Amino acid sequence: MSYLLPILLSLAALAIGLLSLLGVFRKRRPNEPPLDMGTLPWLGHVLPFRRNTNEFLRAMQKKHGDIFTVQLGGHCITFLMDPLSFGSVVKESKTNLDFEHFAKQLVATVFNYHALENDNQLLKILSNKHLMGDGLTGLSKSMLKHLQNLMLSKVGQGAQGEWQVAGLFEYSYNLLFRAGYLALFGVEATDEQGEQSAKEADIIGSEELFTQFRKYDQLFPILAYSIESPKQWLQAKRLKSFFWDLLSIKKMYTKVNISPWIEERQRQMDEYGVDHIMQNRYMFILLWASQGNTGPSSFWLLLFLLKHPEALRAVRAEVDQLVRESGQEPGTELNLGKLAKDIQLGLPTLDSAIDENLRLTTAPVLIRSVVKAMMLKMADGREYALRKGDRLALFPYLSAHINPEIHPEPGTFRYDRFLNPDGTKKTLFYKGGQKVNYYNMPWGSGVSMCPGRFFAMNELKQFIFLMLSLFDIELVNPDEEIPEIDCKRWGFGAMQPTREVQFRYRFRF
C-alpha cells in the first residue's frame, strides 16, 4: 500500500491546483473590492456578460456599488463604474496597469499576429505624423475623392431626379469602408487598358473586399471570446487567408497612391526584421482597426439625423454654407479642392452631432492588466487593493455616456449637446457638482486611445457632408423606429443594429 501514497498525494495536489485554477478557493481579502465569482467554476459570470454586457454590469453595479470584481472565463476582472475616478486608471503608470498585454493577446487570438514589443509605440508615432493635423490633409483629399466617386457610381447613369432605395446600414458601411480602403491601401496602377479600366477594377475589387470583410466582422465577437464552432473556425481561417493574400506586401507593391501611413509602417516593420507573413497579417489588423467602426457609426449618425428633422436642417445649413463659400452650389458634383481642409477644421454643428452619435452608439470595454499589486484610489477617497494578475476594466457607456447626472435625457439624441451657445465645442460637464473629465470616451483613453481617431472623425464628417450636399435623403417609412443594438457587439467599439432600415436618396435640385 505504501507505493499508493505518493500517487494519491500527487492526485490530491493536482485536484487542489485544478480547483484553484477554477477559482474555487478565491476569497475577498481586506481592502479589496466586493468579489462575485458566480456559480460556475472558471466560467463565473461569462455567460450573462456575453449575453448582454450592459445589463450585466448594470445589475452588478446595483448589487455591489461603483467597484466590484467578477470572474469571467478564468479571469478576475475589477470593474470601476465611477466616472469621477477614471483618472486613477487613465493616468496610472504602465508599470502598474498595462494595456498592451491584453491587446497582444487579442490580436494573436483573432488575427494570428504575434506583436513586436514596441508595436503600439511605433504605430502611435506614425499615426501622430500622418493621421492628425497637417499630416492628415493629403489623406483627407484622397478619402473625399474616393467617397464622392463611389457615391456617384452607386447612383449610376441616367438617374437624375430618380429616387434610389437602399438599406441604410449596408449603404453607409459599404461606402465608408471601400473609400477608406482605397485611400489607405492604394489603387490599381493604370495599364495599357487605360485609367477607366483601373477605376473599374478598384470599384469591383473593393466591393468584393467589403463582402468578405462583413463576413469576418460578424465572426469577430465570437473569435474574440474563443467560442467559435468548428464550422466558424474553418470559415474564419478561409477569410483570414483571403485577406492575408489580398493585403500582402507582394500585392501592395503593385498598387499606386498608397497612403504614407501604410507605406511607412511597412518600411518600419522591414527595418525591425518582421517577416512578410507577419506583415501580411498586420495589414489585415490595420484594415480592421481603421474601417471596422466608422461604417456602423455613419449608419447611426445618418439615421439619427433622418429621425430628427431639426438636426438635419441645422447640419445641412452648415454644409450648404461651406459649399457656397467654396464658390459652388449644393446638389452638384463638387470640385473638392480645398474643401477637404475646410471639412476637417470646420462644421462645428456636425462635430457636435457626431460626438452625440458616438456617445449613444459606442460601447468599448477598456481593459488593463494589473502588473503588480497596487492600491486604487477613488474620487471620494476610498482605496481598494488590486491583485497582481487580475484585470481592471472601464465601461464608459454605462458609467458616463448614458449617465443622467452627466447627460440629461441620456437616451435622447440632441445634436447640439456638445455645443456652447456661441458655437464653440462644449467640454464642461458635471456630476453631483463635480467636473467630469471623462464624459464621452468613444475612442478609449490614455495609452489605449485610438491612434486613428482624427482620421475616423474626418471620415464621418466627409460622409455626412457629401450625403447632404449631393442628395435629398429620407426614410422609406418616416415612422420607422430606431433599431435595437445588437447585444453581441457590446464591448467592441461601435455598435451595430439588429435589423436594416430602408431609406431613399436622389440628387438635389
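Criteria and cut-off values
Residues numbered from 1 in each chain as written. Predicted model: local features only at pLDDT ≥ 70, side-chain atom pairs only at ≥ 80, totals over all residues. Heavy atoms only, no water. Phe/Tyr/Trp six-rings, centres within 6.5 Å; stacked < 30°, edge-to-face > 60°. Buried < 20%, exposed > 50% of the residue type's maximum accessible area, 1.4 Å probe, protein only. Lys NZ or Arg CZ within 6 Å of the ring centre and 35° of its normal. Pairing = 2+ DSSP bridges. Helix = DSSP H or I, 4+ residues; strand = E, 2+ residues; numbered from the N terminus. Contact = heavy atoms within 4.5 Å. Axes fitted to C-alpha atoms, helices over the stretch in contact; angles between N-to-C directions. UniProt positions renumbered as here; feature names shortened; annotations may be inferred.

Digging into the packing of aromatic side chains
Following the criterion strictly, the structure yields 35 aromatic pairs and no others. On the basis of an interplanar angle of 80° and a centroid distance of 5.2 Å, the ring pair of Phe242 and Phe243 is categorised as edge-to-face. Residue class for Phe242 comes out partly exposed when judged on its relative accessible area of 24%. By relative accessible area, which is 0% here, Phe243 ends up buried. Between the aromatic rings of Phe299 and Trp300, the centroid separation amounts to 5.0 Å while the plane-to-plane angle is 65°, which identifies the pairing as edge-to-face. Looking at Arg504, its charged tip hangs above the ring of Trp163, at a distance of 4.4 Å from the centre.

Notes on the sheet that holds strand β8 (residues 366–370)
By way of backbone hydrogen bonds, the strands of a sheet pair with one another, either parallel or antiparallel. In spatial order, the strands read β1-β2-β3-β11-β8-β4; together these 6 strands make up an open sheet with mixed pairing. Looking at the sheet topology across the chains shown, the edges are occupied by β1 (35–36) and β4 (97–98). Direction of pairing for strand β2 (residues 67–72) relative to strand β3 (residues 75–80): antiparallel, over a ladder of 6 bridges. Directly across from Phe68, in β3, lies its bridge partner Phe79. Strands β1, β2 and β3 of the sheet are contacted by helix α3 (residues 53–64), whose axis makes an angle of about 130° with β2. Relative to the sheet, helix α5 (residues 100–111) contacts β4, β8 and β11 (391–394), its axis offset from that of β8 by approximately 115°.

A look at the UniProt feature "binding site: substrate" (unreviewed entry) in the chain
Within the UniProt annotation, "binding site: substrate" (unreviewed entry) is assigned to Asn293 and Arg391. Across 99 residues of sequence, these annotated residues are also dispersed in space, with a maximum C-alpha separation of 24.9 Å. Here Asn293 shows up in the loop between α13 (276–291) and α14 (294–307). Overall, the relative accessible area of 30% leaves Asn293 in the partly exposed class. Excluding its chain neighbours within four sequence positions, the residues that come into contact with Asn293 are Phe492, Gly493 and Ala494.

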